[in-house]
Amino acid sequence: MPVHEIKNPIVKHKLTQLRRKETPSKIFRELVKEIAALMIYEIGENFPSREVEIETPLQKCKAPVIDEENFVIVPVLRAGLATAEGAAQILPGASIGHVGMYRDEETHQPVEYYSKFPPDISEKIILITDPMLATGGSASDAIRLVKDKGAKKIFFLCIVSAPEGIKKIEEEHPDVEIYTASIDEGLNENCYILPGLGDAGDRIFGTL
Ligand code: PRP
Ligand code: URA
């Protein structure tokens, strides 16, 4: 499946603010939420809707609805909590699963420390969220975890991505749709995205 880069100037503008090193934690957190919410709006083009009959104050009519309870938002901890909050603002009826993962500082490999999902996610639309897709290790493992629970329809939402991470997901999970606000240049020797925005978790939670 192709990767989708969001071209919307509002998203790009907010991402520029996010990248600036002087942006303080509080604003950074707000921007991550806002960008994720705007990205859900763009991804929403793919969401199934159905017609129901409603009554306006004037008359009956048919109108479209999305069954929000069919969605599961899955943040990859920690940084994904902020993107998940933005997604949940747009889809408040979605349930939320969690995947806890951090990158080992030496090997850059993901280490899983927690996961919890709603009871049956096999027929749900899964929105995995994480601001960063770098080597793709964390995303690939998170996708594998939801697939192990039977999930079939999976979107991966990230704000900044590296070509290396995209390639890994396309190879290992070709059925997953990746949405990103930017495909950056690549990774540095510490597997950080360039130009990127630094360590997303540290900037969101003020743990720099
Ligand atoms: C960051 C980010 C992703 C991961 C991306 O998390 O939020 O989960 O790195 O890197 P990868 O594509 O190379 O796996 P981090 O491991 O820093 O954990 P944190 O969110 O708890 O800070
Ligand atoms: N994780 C981050 O938070 N930033 C990067 O650039 C890469 C991984």
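Structure: above.
If you're wondering where the values come from, they're calculated on a predicted model, not measured in any experiment.

Colleague: Just to check I follow, could you spell out the overall build of the protein chain for this structure?
Modeller: Within the protein chain, the regular secondary structure consists of 6 helices and 13 strands. Radius of gyration (C-alpha) of the protein chain: 17 Å, near the 17 Å computed for a compact globule of 208 residues. Principal axes of the C-alpha set define a box for the protein chain whose edges measure 60 × 40 × 30 Å. Counting only residues that meet the buried cut, the protein chain has 46% of its 208 residues in that class. Sequence separation of 24 or more characterises 64% of the internal contacts of the protein chain that already satisfy a separation of 6 or more. Surface accessibility of the protein chain: about 10600 Å² in total, with carbon and sulfur atoms responsible for 52%. Positive and negative side-chain charges in the protein chain, numbering 24 and 33 respectively, have mean positions lying 3 Å apart.

Colleague: Even after reading the chapter, I still don't get the pattern of salt bridges, so can you show me in this structure?
Modeller: Pairing is possible between side chains of opposite charge, provided their charged atoms come close. Counted by the stated rule, this structure contains 13 salt bridges. Here Glu 5 ties to Lys 12 by a salt bridge, and the two come within 2.8 Å at their closest N and O atoms. We classify Glu 5 as partly exposed; its relative accessible area is 26%. Between Asp 148 and Arg 144 there is a salt bridge, and its shortest N-O distance comes to 3.5 Å.

Colleague: How should I be thinking about the site of ligand 2 in this particular structure?
Modeller: Around ligand 2 sit Arg 103, Met 132, Ala 134, Cys 191, Tyr 192, Ile 193, Gly 198, Asp 199 and Ala 200, and that is every residue in its neighbourhood. In this structure, an oxygen atom belonging to ligand 2 sits 2.8 Å away from a main-chain N or O atom of Ile 193. Compared with its free state, where it exposes 240 Å², ligand 2 has 89% of that area covered by protein. Residue composition of the shell around ligand 2, grouped by class: 6 nonpolar, 1 polar and 2 charged.

Colleague: Please explain a nonpolar patch on the surface as it appears in this structure.
Modeller: A contiguous nonpolar surface patch, about 340 Å² in accessible area, is contributed by Tyr 102, Tyr 113 and Tyr 114. Within the secondary structure layout, Tyr 113 lies in strand 7 (residues 110-116).

Colleague: Whenever I open this one, unusual backbone geometry confuses me. Can you help?
Modeller: Trans is the common state for peptide bonds, and a negative phi is the common state for residues other than glycine. Residue Arg 78 is reached from Leu 77 by a cis peptide bond, and omega for that bond is -5 degrees. Position of Arg 78 relative to the elements: it lies in the loop between strand 4 (71-77) and helix 3 (80-90). The step from Leu 194 to Pro 195 runs through a cis peptide bond, and the omega angle for that step is -5 degrees. You can see Pro 195 is positioned in the loop between strand 13 (193-194) and helix 6 (200-205). Unusually for a residue other than glycine, His 108 sits at a positive phi of about 65 degrees. Along the chain, His 108 falls in the loop between strand 6 (98-103) and strand 7. By relative accessible area, His 108 is classed as buried at 15%.

Colleague: Where do I start with the pairing of strand 6 in this structure?
Modeller: Regular strands place their side chains on alternate faces of the sheet. Strand direction decides the pairing type here: strand 4 and strand 6, joined by 2 bridges, are parallel. Paired with Leu 77 across the two strands is Gly 100, which belongs to strand 6. Where strand 6 meets strand 7, 6 bridges bridge the pair, whose relative direction is antiparallel. Bridged to Met 101 within strand 7 is Glu 112. Taken together, strand 6 and the strand that follows it, strand 7, pair antiparallel across an intervening segment of 6 residues, in which His 108 is found at a positive phi of about 65 degrees.

Colleague: Hey, could you run me through the pairing of strand 8 (residues 125-129) in this one?
Modeller: Burial analysis of strand 8 places 5 of its 5 residues in the buried class, which makes it a mostly covered element. Of the two faces of strand 8, both are covered, the one formed by Ile 125, Leu 127 and Thr 129 as well as the one formed by Ile 126 and Ile 128. Here strand 4 runs beside strand 8; their pairing, made up of 5 bridges, is parallel. The residue bridging Val 74 from the neighbouring strand is Ile 128, located in strand 8. Here 5 bridges tie strand 8 to strand 10 (residues 153-161), and the two strands are oriented parallel to one another. By the bridge assignment for strand 10, Thr 129 is matched with Leu 157.

Reading guide: rules and limits
Residues numbered from 1 in each chain as written. Chains lettered and ligands numbered in written order. Predicted model: local features only at pLDDT ≥ 70, side-chain atom pairs only at ≥ 80, totals over all residues. Heavy atoms only, no water. Helix = DSSP H or I, 4+ residues; strand = E, 2+ residues; numbered from the N terminus. Rg over C-alpha atoms; globule rule 2.2 N^0.38 Å. Buried < 20%, exposed > 50% of the residue type's maximum accessible area, 1.4 Å probe, protein only. Contact = heavy atoms within 4.5 Å. Areas by Shrake-Rupley, 256 points an atom, 1.4 Å probe, with all protein chains shown as cover. Lys, Arg positive; Asp, Glu negative; His and termini not counted. Charge placed at Lys NZ, Arg CZ, Asp CG, Glu CD. Salt bridge = Lys/Arg side-chain N within 4 Å of Asp/Glu carboxyl O. Near = heavy atom within 4 Å. Polar contact = N/O pair within 3.5 Å; in protein donor to acceptor, adjacent residues only side chain to side chain. Nonpolar A, V, L, I, M, F, W, Y, C, P; charged D, E, K, R; others polar. Patch = residues over 30% accessible without salt bridge, like charges linked within 9 Å, V, L, I, M, F, W, Y side chains within 5 Å. Pairing = 2+ DSSP bridges.

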